[in-house]
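# Breakdown of the fold
One letter stands for each residue in the lines below.
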Amino acid sequence: GYMQSGPGIENNPILALLGDSTDGPDDPVEQTHSIFWRVHDPIERCSQIRSTAPPPVDLPNSDLFWATIDVNNTADNEELYQFLSKNYGADNVQYRLCYTRDHLAWILQPPGYLPALHLALRQKISGSSDQASQLVGFVAGIPCTISLREAPNSNEPELVPSMEVNLLCLTPALRGLGLGPLLIREITRRILTLCPRTQMAVYTTSVPLPGEVARSRYYYQPLNIPRLVECGWMPTPDAAEADYYRLPRSSLRPTVRRLSVADISEARSLLNRQQAQFCMGRHWDSDIEFQHCFLPRPDGTVETWIIESPPEDGTHHLAGLISFSVIPFVPQTLGREAPSTGGPIRAAFANYAVVDCPRPAETPGEGHIHPCPQRLVEIYTDALIVARDLCNAHLFNILDTQHCIELVEPLHFNPVMAATMHVYIYNRKVRNLT
């Protein structure tokens, strides 16, 4: 994935929500303004799409109605947390991701977010005299900017104002009834109506749908083997296997430290330069946006660590950055409560990593970011140590995208069975990047 604001193991289980792909007129792929194409031009210009503002999407019965979630409201935040904890993700998995309340607020409120894009589907409670209702569906539109190139390093990237569609969820009792497509149509209508600059949308699923533009697989490194064995995540390893998973070193390098506010501008420049080299990447438009996404938070939602250039380099600059989030995995059979085996699994998910390896004739902090596998292994080793020792994470997950595939062998990452993330684009022609 070009963007990893949240893990994709159970992200947006759209196939389960849409039901059979032969739904015909209810299929959102055919009924919205475009399918998922594969060249760089937009399918339709914004002015064409917004020439008339369509009314809200009709719902099949009067018990259902559209609403919004205010994550700054304690009751709304709690209701969304409980709803996603019980329903988000496929039903045939052993573990569910369980975003914390603070993590949900962080995901949904980057700079420029619109509360109207935190779309709720509510159902009136039968027999209630006070018009009480319950949350039965949710989907969010989260603003972002995507950089696109025809080929890696081929030309100046195009920066495209976009929308990430995330946290699509319906209560299981309503799945297969055609409500998934209606959620997608209504969030599409709101985006097209309320966001005049938005040119495309992107989402990920854990299941393949027609027209994917990229696909990546999850790999994990165990950090707390006794805990993972206790909860059944992995079998008890023998001595040789346990030694195989031992990290190359046990302490951080002296040039590694947490990201601070003073580092934001230089760190944003470094990561933007790296992401602009890929066919598809993220771009952060302002220091305020970057700070929201990367500055470490007290609740552990996001951890970002940087590498300062060593003194012998003769220049003081930012030489690398790595960011990850820690999210609980809760066994599905045990509900949302902490199981008696010691609580949920704490899983770290890599977000972004970059190391700057300037050539002798280049000025640090400028120009091309050259791949440097050994330095990438070093910064991920630092991240594994931080996740294990400071964040109490039990395992660490990466996607085999960008340069991360080079970490699998030297750091002994294992593939997560049946854990693949598929990337899709709306209203944009982008060639297949798989």
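In the block above lies the structure referred to throughout.
Residues numbered from 1 in each chain as written. Predicted model: local features only at pLDDT ≥ 70, side-chain atom pairs only at ≥ 80, totals over all residues. Heavy atoms only, no water.

On to the overall build of the chain. Within the chain, the secondary structure is distributed over 11 helices and 14 strands. Per-residue burial for the chain yields a buried fraction of 55% across its 434 residues. Long-range contacts, defined here as pairs at least 24 residues apart, represent 75% of the contacts in the chain between residues at least 6 apart. Here the chain has roughly 18,500 Å² of accessible surface; of this, 53% comes from carbon and sulfur atoms. (Helix = DSSP H or I, 4+ residues; strand = E, 2+ residues; numbered from the N terminus. Buried < 20%, exposed > 50% of the residue type's maximum accessible area, 1.4 Å probe, protein only. Contact = heavy atoms within 4.5 Å. Areas by Shrake-Rupley, 256 points an atom, 1.4 Å probe, with all protein chains shown as cover.)

As a further point, take the pattern of salt bridges. Applying the stated criterion across every chain yields a total of 18 salt bridges. With its nearest N and O atoms 2.5 Å apart, the salt bridge here joins Arg 101 to Glu 78. Pair noted here: Arg 101 is in helix H5 (residues 101–108) and Glu 78 is in helix H4 (residues 74–87), with a separation of 23 residues, a long-range link. By relative accessible area, which is 34% here, Arg 101 ends up partly exposed. Measuring nitrogen to oxygen at the nearest pair gives 2.9 Å for the salt bridge that ties Glu 378 to Arg 249. Residue Glu 378 is found in helix H11 (residues 373–389), and its partner Arg 249 is found in the loop between helix H8 (239–244) and strand E8 (256–258); the two are separated by 129 residues along the sequence. With relative accessibility at 23%, the residue Glu 378 sits in the partly exposed group. Each of Arg 249, Arg 253, Glu 378 and Asp 382 takes part in one network of salt bridges that share partners. (Salt bridge = Lys/Arg side-chain N within 4 Å of Asp/Glu carboxyl O.)

Looking now at unusual backbone geometry. Here Asn 392, not a glycine, exhibits a phi torsion of approximately 55°, which is positive. Asn 392 gets classed as partly exposed once you look at its relative accessible area, which sits at 46%. The phi dihedral of His 412 is positive, around 60°, even though this residue is not glycine.

Moving on, we get to the environment of Tyr 81. Structurally, Tyr 81 can be placed in helix H4. Along the primary structure Tyr 81 and Asp 102 are separated by 21 residues, whereas in three dimensions their C-alpha atoms are 9.5 Å apart.

Moving on, we come to the side chain of Thr 381. Note on placement: Thr 381 falls in helix H11. Within the structure, Thr 381 has its side chain in polar contact with the backbone oxygen of Val 377 (distance 2.8 Å). (Polar contact = N/O pair within 3.5 Å; in protein donor to acceptor, adjacent residues only side chain to side chain.)

Applying the stated criterion to the full structure yields 14 aromatic pairs. An angle of 85° between the planes, with centres 5.8 Å apart, marks the rings of Trp 284 and Phe 290 as edge-to-face. Three or more aromatic residues link up through ring pairs in this structure, and these residues are Tyr 218, Tyr 220, Trp 233, Phe 329 and Phe 349. One Lys or Arg, Arg 101, reaches over the ring of Tyr 81 and ends 3.8 Å from the middle of that ring. (Phe/Tyr/Trp six-rings, centres within 6.5 Å; stacked < 30°, edge-to-face > 60°. Lys NZ or Arg CZ within 6 Å of the ring centre and 35° of its normal.)

Along the chain, Ile 405 turns up in the loop between strand E13 (395–399) and strand E14 (414–426). Remark: the alpha-carbon pair of Ile 405 and Pro 373, spanning 32 residues in sequence, is separated by 9.9 Å. With near-sequence residues (within four places) excluded, Ile 405 lies in contact with Tyr 219 and Asp 400.

Moving on to the nonpolar core. Counting 53 residues, the largest nonpolar core has Leu 80, Leu 84, Tyr 99, Leu 108, Phe 138 and Leu 167 as the members making the most contacts within it. Ranked by residue count, the leading element in this core is strand E4 (residues 133–148), at seven residues. Leave out the neighbours within four places in its chain, and Leu 84 touches Leu 104, Leu 167 and Cys 169. By size, the runner-up hydrophobic cluster in this structure holds 33 residues, among which are Val 256, Ile 307, Ala 348 and Ala 353. (Core = buried A, V, L, I, M, F, W, Y, C linked by side-chain atoms within 4.5 Å.)

Before going further, it helps to spend a moment on the packing of helix H9 (residues 264–275) against helix H10 (residues 287–294). Contact pair H9 / H10: the axes reach a minimum separation of 9 Å and the direction vectors enclose 90°. Classified by the angle between their axes, H9 and H10 sit roughly perpendicular to one another. Touching Ile 264, Ser 265, Ala 267, Arg 268 and Leu 271 of H9 are Asp 287, Phe 290, Gln 291 and Phe 294, all from H10. For the contact of H9 with H10, a count of residues per class yields five nonpolar, two polar and two charged. (Axes fitted to C-alpha atoms, helices over the stretch in contact; angles between N-to-C directions. Parallel < 35°, antiparallel > 145°, perpendicular 65-115°, else oblique. Nonpolar A, V, L, I, M, F, W, Y, C, P; charged D, E, K, R; others polar.)

The next subject is H10. Of all the residues in H10, the buried ones are Glu 289, Phe 290, His 292, Cys 293 and Phe 294. Of the surrounding elements, those touching the buried residues of H10 are H5, H9, strand E9 (280–283), strand E10 (303–308), strand E11 (318–331) and strand E12 (345–355).

Here we take up the packing of H4 against H5. The axes of two packed helices give the description: the angle between them and the distance between them. Contact geometry of H4 with H5 gives a least axis separation of 10 Å together with a crossing angle of 100°. If you check the angle between H4 and H5, you find them roughly perpendicular. Residues Asn 77, Glu 78, Leu 80, Tyr 81, Gln 82 and Leu 84 of H4 form the contact with H5, whose own contacting residues are Arg 101, Leu 104, Ala 105 and Leu 108. Per-class residue counts for the contact of H4 with H5 are six nonpolar, two polar and two charged.

With that settled, the discussion passes to the pairing of E10. Counting buried residues along E10, five of its six residues qualify, which places the element largely inside the surrounding structure. Two strands pair when backbone bridges link them, and E8 and E10 are joined in this way by three bridges, in the antiparallel orientation. Bridge pairing links Arg 258 to Trp 305 in E10. (Pairing = 2+ DSSP bridges.)

Further remarks concern H5. H5 sits mainly inside the fold: six of its eight residues count as buried. Residues His 103, Leu 104, Ala 105, Trp 106, Ile 107 and Leu 108 constitute the buried set of H5. Close packing links the buried residues of H5 with H4, strand E3 (118–124), E4, strand E5 (158–170), H10 and E11.

Note that every value here comes from positions in space, so none of it alone points to a role or purpose.
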